[in-house]
Amino acid sequence: MSKGKKLKRVEESSFGTSKKHKNYIVGQFVANPRGFGFVEVEGMDEDIFIPEEYVHGAFHSDTVEVEILPESTGKRQEGRIRNILVRGMEELVGTYQGEKNFGFVIPDNSKVLQDIFIPIEHHGSAVTGDKVVVTITDYGNQALHRKPEGKVKEVIGNINDPGVDILSIVKNYDIPYEFPEKVINQANRCPDQISEADMYGREDLRDVMMVTIDGEDAKDLDDAVSLTIDDKGLYHLGVHIADVTNYVQESSALDREALKRGTSVYLVDRVIPMLPHRLSNGICSLNHGEDRLALSCLMTIDKSGKVIDHDIVESVINVNERMSYTSVAKILEDKDEEETLKYKELVPMFEEMAELSSILRKKRESKGAIDFDFPETKIILDEEGNPIDIVPHERNTATKLIEDFMLAANQTVAEHFFYLQSPFVYRIHEQPDPEKISSLAAFVNNLGYHIRTRKDEGVRPKELQKLLKGIEGTKEEAVISRMTLRSMMQAKYSTECTGHFGLAFDYYCHFTSPIRRYPDLQIHRIIKDHLRGRMTAAKSSHYEAILDEVAKHSSETERRAEEAERETDKLKKAQYMENHIGERFEGIVSGVTAWGLFVELENSCEGMVRAAAMSDDFYVYDEGNMKLVGERTHKEYTLGQRVVIKVAGADRLTKSIDFKLVLSEDEDDEFDYDGFEDIPKAKKVALDRARKVRKLGEIAQEERNGDDGYEESDDIQATEGRLVEYNGKLIDLSEYEPDTLTGEFRKKRKSGSDKGKGRKNVSSNKEKSKSSRKVYKVHKYKKSATSKAARSSQQKGRKKKR
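Rules behind the numbers
- Residues numbered from 1 in each chain as written.
- Predicted model: local features only at pLDDT ≥ 70, side-chain atom pairs only at ≥ 80, totals over all residues.
- Heavy atoms only, no water.
- Helix = DSSP H or I, 4+ residues; strand = E, 2+ residues; numbered from the N terminus.
- Buried < 20%, exposed > 50% of the residue type's maximum accessible area, 1.4 Å probe, protein only.
- Contact = heavy atoms within 4.5 Å.
- Pairing = 2+ DSSP bridges.
- Axes fitted to C-alpha atoms, helices over the stretch in contact; angles between N-to-C directions.
- Phe/Tyr/Trp six-rings, centres within 6.5 Å; stacked < 30°, edge-to-face > 60°.
- Lys NZ or Arg CZ within 6 Å of the ring centre and 35° of its normal.
- Patch = residues over 30% accessible without salt bridge, like charges linked within 9 Å, V, L, I, M, F, W, Y side chains within 5 Å.
- Areas by Shrake-Rupley, 256 points an atom, 1.4 Å probe, with all protein chains shown as cover.
- Salt bridge = Lys/Arg side-chain N within 4 Å of Asp/Glu carboxyl O.
- Lys, Arg positive; Asp, Glu negative; His and termini not counted.
- Charge placed at Lys NZ, Arg CZ, Asp CG, Glu CD.
- Parallel < 35°, antiparallel > 145°, perpendicular 65-115°, else oblique.
- Left-handed = near helix turned anticlockwise from the far one by under 90°.
- Nonpolar A, V, L, I, M, F, W, Y, C, P; charged D, E, K, R; others polar.
- Core = buried A, V, L, I, M, F, W, Y, C linked by side-chain atoms within 4.5 Å.
- Disulfide = S-S within 2.5 Å.

### Some remarks on the overall build of the protein chain
Consideration 1: The helix and strand inventory of the protein chain stands at 18 helices and 37 strands.
Consideration 2: Relative to its full complement of 802 residues, the protein chain shows a buried share of 48%.
Consideration 3: Considering only contacts in the protein chain between residues 6 or more positions apart, those separated by 24 or more positions represent 66%.

Quick look at the structure:
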């Protein structure tokens, strides 16, 4: 059969024989590490399931056309991808594996299922074990079995270098890391001090006593607070926010870069700011003792917590003291004499602030605001970026105080501009999905609790708050709190004011952090246009035209930042637990699946206990009640249950931790753990990929140490090239080469001088095996170690390129 006919038959079996254009559905493809995927379609409640054989070469995040299949094997609609309209992924991050005449990049993203082939002319300065950014030049062809191809765009650093692991995650999420020169130059032109001209027309609040209250290591101080009580007992609360828009003009290089970033990103070992440090830590930071420009929300609040009057003004302020949460908590909670004496002039104001904070919090609670008070932790790293401790990050009176005041200001500003009917960006939190609430109601009902819902209104926040209050201190508290949180919608930005369900607010926005959130910066511009009488019809139309996209993009960058933060936390927690393998801990069951239990420890590290490794019984998953039940013993494991575990394994590359249940006190601490048996396919793929990457890291480290990876032995004959797994068997790359058209490996052609060498080598090897001459074996990783010749050529190549 000719190649053309074969290709046609493959296409017909995959794509179907009909050539007529159908009503295809357009959506975004979401890949799964197991090979299949889903297509998310805007406006559709459920995604479309795409079986592996119908993915047709689509990459994660591609925009695709889908044909709905007439029959489905599962509950969801099934489809096949007919066309790929827009590629969503042009670059990816991975680990480079160099060979003599080509290379591969093993992607970090588990949703990219194939390694990327790198022609030798496109490997740049990358050597084995480097983390690299790759530009995809060819997405491959499934029908022709041609693999994806790319070229190295940037070498991030060696896999073993401190900080490269985190930077790889940053690059993988395409988070802008360095500021363009034009942006830096514009920031450098900003003044260090404010001028008399800057203060013109502003309300002078420099005589008002005010403080900033932040964490000890905070440098971008964008909010200050002040409080007085008048003769009538009314509270006069001032929330003063840095006027960043005075230095970041709309459509300037600084503004475009801030919009692109959307938000500052707070990772375990670094902060990636939205604005250059020259601004965020300088003229825009409310440093004590220095005059600063601000937007002030001045509220008059009665004893019930109601804002009875307010004013929003452009101001000039001077902060009296830079306070920390710890210091204020010492004064208010511990009554610390030394701290109280040190800040004696401010203590009366702090006590009044605590009083008002309590009033505001009770008012929110009376309306039904939901407060998920989950314990937070902070990962402590050493100078090399290794995690050495995980400590609790507790909320105290001071953190709650600032939270209450910021919420009051955000609510007041949002309500003010809603009634002005101005173009605006709101922070909204929609009603929970009725199906999720129904599932939650059924779950808590089994535990003896009740949620009241209404057909026309769904569930009210007060009902969920009542549920959470009712479970305080019970063994079910952790599990029900988590289930309730998972039933909530994600908060986002919108130009429509639909309220904030979780806070039980009808009006809400983000006004208080323009240094680190773009929506706040955009809101400040709108506020100033109103205050200065510049909100003309043309200006209003301009904002209406841009704000929908600003809200959408800001929501997306916020999600991206949250995902990157979670990934770096998981990475460092897995790395931390690598040092505790074999140790026992007490934890709480935080999740139950057919594959096993997720257990969260007190230090917030979460790992999995595989059902297949639970040796005392065969456990079956009860989906309705979310628990595992032993067939013989009827023993149950359910959400919120306390268990004792032993750390069986931890892997920073897969960012996963594995536990084993301790069933008795005298159980032997020594046990065998096979991370590859009886586990989900997706995890097998991840572990296999991690194993390959780890070997590359070992190779890179040995090259750096000057170790060639070989040791004298009489066991194994050294090969000329590298053994790699290909189509289920090991091949020697000294005998094979890649086909540039198909991406497959083919046997190298032998020159005339090479003919007969194989037979000669066989006989000579027999003779030499009897002798005592020196031969070599691969050190540690045997099958995948680079030969001496290949390593020396790599090192020479690196030296030349440097």
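### With respect to the sheet that holds strand β4 (residues 63-68)
Consideration 1: Taken in spatial order, the five strands of this open sheet run β3-β2-β1-β4-β5, and their pairing is antiparallel. Only two strands of the sheet have a single neighbouring strand rather than two, namely β3 (48-50) and β5 (79-86). Neighbour-to-neighbour, the strand axes of this sheet turn through a mean angle of 40°, independent of strand direction.
Consideration 2: Bridge analysis of strand β1 (residues 25-31) against strand β2 (residues 37-40) gives four bridges, and the strand direction is antiparallel. Along β2, the bridge assignment pairs phenylalanine 29 with valine 39.

### Some thoughts on the packing of aromatic side chains
Consideration 1: Going through the model one piece at a time under the given rule, you end up with 14 aromatic pairs.
Consideration 2: Aromatic side chains phenylalanine 417 and phenylalanine 424 sit 5.0 Å apart centroid to centroid with 5° between the ring planes, which places their arrangement in the stacked category.
Consideration 3: By relative accessible area, which is 1% here, phenylalanine 424 ends up buried.
Consideration 4: Cluster of aromatic residues (ring-pair linked, three or more members): Phe36, Phe38 and Phe49.
Consideration 5: Of note, arginine 87 hangs over the ring of tyrosine 139, and the distance from its end group to the ring centre comes to 4.0 Å.

### Considering the sheet that holds strand β27 (residues 619-622)
Consideration 1: Judged by pairing direction, the sheet is antiparallel, and its three strands sit side by side in the order β27-β28-β29 without closing on themselves. Looking along the sheet, the strands with just one partner apiece sit at the ends: β27 and β29 (636-638). The mean inter-strand angle of the sheet, taken between neighbouring strand axes irrespective of direction, is 20°.

### Some details on helix α13 (residues 477-486)
Consideration 1: By the burial criterion, the buried members of α13 are Val479, Ile480, Ser481, Met483 and Thr484.
Consideration 2: Contacts from the buried residues of α13 go to α11 (434-446) and α12 (461-470).

### A closer look at a negative patch on the surface
Consideration 1: A surface patch of negative charge is lined by Asp45, Glu46, Asp433 and Glu435.
Consideration 2: Along the chain, glutamate 435 turns up in helix α11.
Consideration 3: Its relative accessible area of 64% is what places glutamate 435 among the exposed residues.

### Observations concerning the pattern of salt bridges
Consideration 1: Applying the stated criterion across every chain yields a total of 44 salt bridges.
Consideration 2: As a salt-bridge pair, glutamate 67 and arginine 80 come within 3.4 Å of each other at their nearest N and O atoms. A residue pair is termed long-range when its members are at least 10 positions apart, and glutamate 67 in strand β4 and arginine 80 in strand β5 qualify at 13 residues. The exposure classification of glutamate 67 matches that of arginine 80, with both residues buried.
Consideration 3: Among the salt bridges present, the one from glutamate 600 reaches arginine 482, with a minimum N-O distance of 2.3 Å. Of this pair, glutamate 600 sits in strand β25 (residues 596-601) while arginine 482 is found in helix α13, placing the two residues 118 residues apart along the sequence.
Consideration 4: The network of salt bridges with shared partners includes Arg361, Arg364, Asp371, Arg395, Glu403 and Asp404.

### Looking at the environment of lysine 303
Consideration 1: Mapped onto the elements, lysine 303 comes out in the loop between β17 (291-301) and β18 (307-318).
Consideration 2: Between the C-alpha atom of lysine 303 and that of lysine 232, which follows or precedes it by 71 residues, the distance is 10.0 Å.
Consideration 3: Excluding anything up to four places from it in sequence, lysine 303 contacts Gly233 and Ile359.

### Considering the packing of helix α3 (residues 181-188) against helix α5 (residues 253-261)
Think of two packed helices as two axes; the pair is described by the angle between the axes and how far apart they sit.
Consideration 1: Axis separation between α3 and α5 bottoms out at 8 Å; the angle between their running directions is 120°. Put simply, α3 runs oblique to α5. Taken as a pair, α3 and α5 cross one another with a handedness that is left-handed. For the pair α3 and α5, the contacting residues are Lys182, Val183, Gln186 and Ala187 in the first and Ala253, Leu254, Arg256 and Glu257 in the second.
Consideration 2: Residues that form the contact of α3 with α5 fall into these classes: four nonpolar, one polar and three charged.

### Description of a nonpolar patch on the surface
Consideration 1: A cluster of nonpolar side chains, Val26, Leu85 and Val86, forms an exposed patch at the surface whose accessible area comes to about 240 Å².
Consideration 2: Structurally, the position occupied by valine 86 is in strand β5.

### A closer look at the packing of α5 against helix α15 (residues 537-577)
Consideration 1: Packing of α5 against α15 brings their axes to within 8 Å, and their N-to-C directions diverge by 60°. Between α5 and α15, the angle is such that the two are oblique. In this structure, α5 uses Leu259, Lys260 and Arg261 to contact α15, whose residues at the interface are Val550, His553, Thr557 and Arg560.
Consideration 2: Residue composition of the contact of α5 with α15, grouped by class: two nonpolar, two polar and three charged.

### Side note on the nonpolar core
Consideration 1: Within the largest apolar cluster, 58 residues are counted, with the highest numbers of intra-cluster contacts made by Leu464, Leu597, Met614 and Ile645.
Consideration 2: For this core, the leading source of residues is α15, giving six residues.
Consideration 3: When sequence neighbours within four positions are dropped, the list of residues in contact with leucine 464 reads Ile370, Ile437, Leu440, Ile451, Val459, Thr484, Met488 and Phe501.
Consideration 4: Membership of the second largest hydrophobic core comes to 51 residues, among which are Met299, Ala409, Tyr426 and Ile523.

### Here we look at the environment of methionine 614
Consideration 1: Residue position: methionine 614 is located in the loop between β26 (606-610) and β27.
Consideration 2: On a C-alpha basis, the gap between methionine 614 and lysine 660 in space is 7.6 Å, while along the polypeptide they are 46 residues apart.
Consideration 3: The contact partners of methionine 614, leaving out residues within four places of it in the chain, are Leu597, Val609, Tyr619, Leu628, Tyr637 and Leu661.

### Re the state of the cysteines
Consideration 1: The full count for this structure, using the stated rule, is zero disulfides.
Consideration 2: A disulfide-free cysteine, cysteine 297 has its sulfur positioned 9.1 Å from the sulfur of cysteine 509, the nearest such atom.

### A word on unusual backbone geometry
Note on backbone geometry: most residues besides glycine have negative phi, and most peptide bonds are trans.
Consideration 1: The residue histidine 56 is not glycine, and still its phi comes out positive at about 55°.
Consideration 2: Structurally, histidine 56 can be placed in the loop between β3 and β4.
Consideration 3: With phi around 60°, histidine 634 is a residue other than glycine that occupies positive phi space.
Consideration 4: Given the relative accessible area of 58%, histidine 634 is considered exposed.

### Concerning the side chain of arginine 517
Consideration 1: With respect to the helices and strands, arginine 517 occurs in the loop between β23 (492-494) and α14 (518-531).
Consideration 2: With residues up to four places along the chain from it excluded, the contact list for arginine 517 reads Gly262, Thr263, Met274, Tyr493, His510 and Thr512.

### Brief notes about α5
Consideration 1: If you check which residues of α5 are buried, you get Ala253, Leu254, Asp255, Glu257, Ala258 and Arg261.
Consideration 2: On the buried face of α5, the contacting elements are α3, β16 (271-272), α6 (277-283), α14 and α15.
Consideration 3: Where α5 ends, the next residue or the one after it, glycine 262, has phi of about 80°, a positive value.

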